[in-house]
Amino acid sequence: MIWDIAKRTYMNEGLRGLYQGIGIATIGSAPALALFFTSYEMNKYYMDKFNLFKETPNFQHFLCGLGAEIISCIFWVPIDVIKERL
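Quantities reported herein were computed from a predicted structural model and do not represent experimental measurements.

Rules used throughout
- Residues numbered from 1 in each chain as written.
- Predicted model: local features only at pLDDT ≥ 70, side-chain atom pairs only at ≥ 80, totals over all residues.
- Heavy atoms only, no water.
- Helix = DSSP H or I, 4+ residues; strand = E, 2+ residues; numbered from the N terminus.
- Buried < 20%, exposed > 50% of the residue type's maximum accessible area, 1.4 Å probe, protein only.
- Salt bridge = Lys/Arg side-chain N within 4 Å of Asp/Glu carboxyl O.
- Phe/Tyr/Trp six-rings, centres within 6.5 Å; stacked < 30°, edge-to-face > 60°.

Caption draft 1: Quick peek at unusual backbone geometry. With a phi angle near 55°, asparagine 51 is a residue other than glycine that sits in the positive phi range. Phi angles above zero are rare outside glycine, and phenylalanine 53 is one such case at about 60°. By the element assignment, phenylalanine 53 lies in the loop between helix H2 (22-49) and helix H3 (57-85). Given a relative accessible area of 32%, phenylalanine 53 falls into the partly exposed group.

Written as structure tokens, this is what we have:
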């Protein structure tokens, strides 16, 4: 089904039709990515500052990523829901 839709879109609108809306999607995701990476770096800074999980760097990265995802979801999901309902 998806391949059929992609094929019809390509046939009717060309390659440009497949990427229609990518610019606004990129602009819309930039704040979410900025929030995620900022949260990750803050988590990493505090883990290093308090010497948390230094002996297991993979686990430290995992926890920093998990914390960043939780923080960005807390702030970004409500904004995204409102945007989708407009």
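Caption draft 2: Quick look at the pattern of salt bridges. This model, assessed by the stated rule, comprises 2 salt bridges. As a salt-bridge pair, aspartate 4 and arginine 8 come within 3.3 Å of each other at their nearest N and O atoms. You can see aspartate 4 and its partner arginine 8 sitting in helix H1 (residues 2-18), 4 residues apart, about one turn around the helix. When its relative accessible area of 40% is taken as the criterion, aspartate 4 is described as partly exposed. Classification of arginine 8 by relative accessible area gives partly exposed; the value is 46%. With its nearest N and O atoms 3.2 Å apart, the salt bridge here joins aspartate 48 to lysine 44.

Caption draft 3: The packing of aromatic side chains, seen in detail. Summed over the entire model, instances satisfying the criterion amount to 5 aromatic pairs. Here the aromatic rings of phenylalanine 36 and phenylalanine 37 are separated by 5.4 Å at their centres, their planes lie at 80°, and the arrangement is edge-to-face. Both rings, one in tyrosine 45 and one in tyrosine 46, keep their centres 5.1 Å apart while their planes meet at 75°; by these two values the pair is edge-to-face. When its relative accessible area of 40% is taken as the criterion, tyrosine 46 is described as partly exposed. One aromatic cluster is present, formed by Tyr45, Tyr46 and Phe50 through successive ring pairs.

Purely spatial values, then, with no claim about function.
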